[in-house]
Amino acid sequence: MKSTKQIKTKNSLTLSEVETYREEGLVIPKFRLPTNILTNLQNALEELIRNNPGVRPEKLISAHVDKTTNEGVKGSSTFLQFAGYKEILDMVEDLIGSDIILWGCHMFCKTSGDGLEVPWHQDGHYWPIRPLATCTAWVALDFSTPENGAMRYIPASHKSHTHFTHYTDNSNRLVLNQALMPGQIDESLAKPVILEPGQISLHDVYLVHGSPANRSDQRRAGLAIRYMPATSYFDREIPAMDQIADFSKRPIWLLRGSDRSGRNDFQIGH
Ligand SMILES: O=C(O)CCC(=O)C(=O)O
């Protein structure tokens, strides 16, 4: 006799969450990390900061690589392990398909009072992924509010898959040095990404977003985990646009499915 019991194996986004992502380029799903996992990540963040005294805490790239990389950051395997967290991968799968590569992980920890600004930008401008496709899971480790420099985005700015024009700004008040040339977006349309610790947002590679400096007395930390579909190729010969990333030795991990592109190298940098 057939069992009528339904076994829930996948923690999918709802249809309306997928719709919001497709329409706006960003969604905050109805999902929260269990407290023990959040605490573990918060502790790993403290250790990450202690291990990298010479690095601005907004610039902790490759935070998941458990050695000092040529990007100058000593990361932690806690973040690597977390990047494979089933519930998050299930949601990412709904957006980019079931062949998923982890290719980056950036801790954006904006200290209180002097946190740097993230200029308006599109991620795709920086990244060596062809065809260009990525979903970022931004995991709040602190409260993220307009007061402490929450991310802001321009809804639907991803939709035309257009690259807006960026210019280079190497001033040390910025976390990233590629900024959108003024006049291309209507900033009055911007929406803040307000999150409690343990909530996440998911955003598209073409979305225009950024975040103001943290002028409050509350730290604002978030872990941006970068996933790409394995139908695309991570091309290490394309040089990084910013001053901090170096893709030439960047390790990548196939977390689900298979390498449909047939070209990705999972040995380099490991
Ligand atoms: O954390 C921020 O304020 C900016 C994050 C960001 O630009 C990104 O995840 O692509």
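How each quantity is defined
Residues numbered from 1 in each chain as written. Predicted model: local features only at pLDDT ≥ 70, side-chain atom pairs only at ≥ 80, totals over all residues. Heavy atoms only, no water. Phe/Tyr/Trp six-rings, centres within 6.5 Å; stacked < 30°, edge-to-face > 60°. Helix = DSSP H or I, 4+ residues; strand = E, 2+ residues; numbered from the N terminus. Buried < 20%, exposed > 50% of the residue type's maximum accessible area, 1.4 Å probe, protein only. Lys NZ or Arg CZ within 6 Å of the ring centre and 35° of its normal. Near = heavy atom within 4 Å. Polar contact = N/O pair within 3.5 Å; in protein donor to acceptor, adjacent residues only side chain to side chain. Areas by Shrake-Rupley, 256 points an atom, 1.4 Å probe, with all protein chains shown as cover. Contact = heavy atoms within 4.5 Å. Disulfide = S-S within 2.5 Å. Core = buried A, V, L, I, M, F, W, Y, C linked by side-chain atoms within 4.5 Å. Arc of directions from axis to C-beta.

Enquirer: Tell me about the packing of aromatic side chains, and please be specific about residues and values.
Expert: Scanning the model with the defined rule gives five aromatic pairs in all. On the numbers, 5.6 Å between centres and 35° between planes, the contact of Trp103 with Phe234 is tilted. You can see Trp103 sitting in strand β3 (residues 100-110) and its partner Phe234 sitting in strand β14 (residues 233-234), a full 131 residues away along the chain. Judged by relative accessible area, Phe234 falls into the buried class, the value being 1%. On the basis of an interplanar angle of 85° and a centroid distance of 5.8 Å, the ring pair of Phe234 and Phe247 is categorised as edge-to-face. Of this pair, Phe234 sits in strand β14 while Phe247 is found in the loop between β14 and β15 (253-256), placing the two residues 13 residues apart along the sequence. Classification of Phe247 by relative accessible area gives buried; the value is 4%. Cluster of aromatic residues (ring-pair linked, three or more members): Trp103, Trp127, Phe234 and Phe247. We note Arg263 situated over the ring of Tyr233; from NZ or CZ to the ring centre the distance is 3.9 Å.

Enquirer: Just give me the short version of the site of the ligand, but keep the residues and values in it.
Expert: Near the ligand the following residues occur: Phe108, Val118, His121, Asp123, Trp138, Met151, His203, His209, Ser211, Arg220, Ala224 and Arg226. The separation between an oxygen atom of the ligand and a polar side-chain atom of His203 is 3.5 Å. Here an oxygen atom of the ligand sits 2.8 Å away from a polar atom, N or O, in the side chain of Arg220. In isolation the ligand has 290 Å² of accessible area, and contact with the protein removes 100% of it. Listed by contribution, the elements that provide at least two residues to the shell around the ligand are β4 (118-122), β12 (208-211) and β13 (220-229).

Enquirer: Would you mind going over the side chain of Ser211 in detail, with residue names and values included?
Expert: Its place among the elements puts Ser211 in strand β12. Note on Ser211: relative accessible area 4%, which makes it buried. Here Lys110 takes part through its side chain, which lies 2.6 Å from a polar atom of the side chain of Ser211. Other than its neighbours up to four places away in sequence, Ser211 contacts Lys110, Glu117, Val118, Gly149, Ala150, Met151 and Arg220.

Enquirer: Explain the state of the cysteines to me, and be specific about the residues and the numbers.
Expert: The full count for this structure, using the stated rule, is zero disulfides. For Cys105, which is in no disulfide, the shortest distance to another cysteine sulfur is to Cys109 and amounts to 13 Å.

Enquirer: Hey, could you go over the nonpolar core for me, with residue numbers and the actual values?
Expert: Side chains of a nonpolar character, in soluble globular proteins, are inclined to be buried together. Grouped together as the largest cluster of nonpolar side chains are 69 residues, with contacts concentrated most on Ile88, Met107, Val139, Leu202 and Tyr227. In terms of residue count, β3 provides more of this core than any other element does, eight residues in total. Setting aside residues no more than four positions away along its own chain, Ile88 makes contact with Phe31, Phe82, Ala137, Val139, Ile200 and Tyr227. Residues Ile154, Phe164, Leu180 and Val208 belong to the second largest nonpolar core, which totals six residues.

Enquirer: Can you break down helix α1 (residues 15-24) residue by residue, with the values?
Expert: In an α-helix, one turn spans 3.6 residues, which is why side chains three or four residues apart end up on the same side. If you check which residues of α1 are buried, you get Glu17, Val18, Tyr21 and Glu24. Each buried residue of α1 lies within a common arc of 155° when the element is viewed along its axis, so the set occupies one face. Those residues of α1 that are exposed and aimed more than 90 degrees away from the buried face are Leu15 and Ser16. The inward-facing, buried residues of α1 abut β1 (26-27), α4 (86-96), β6 (135-140), β7 (152-153), β10 (191-192) and β11 (200-204). Gly25 occupies a position one or two residues after α1 and carries a positive phi of about 90°.

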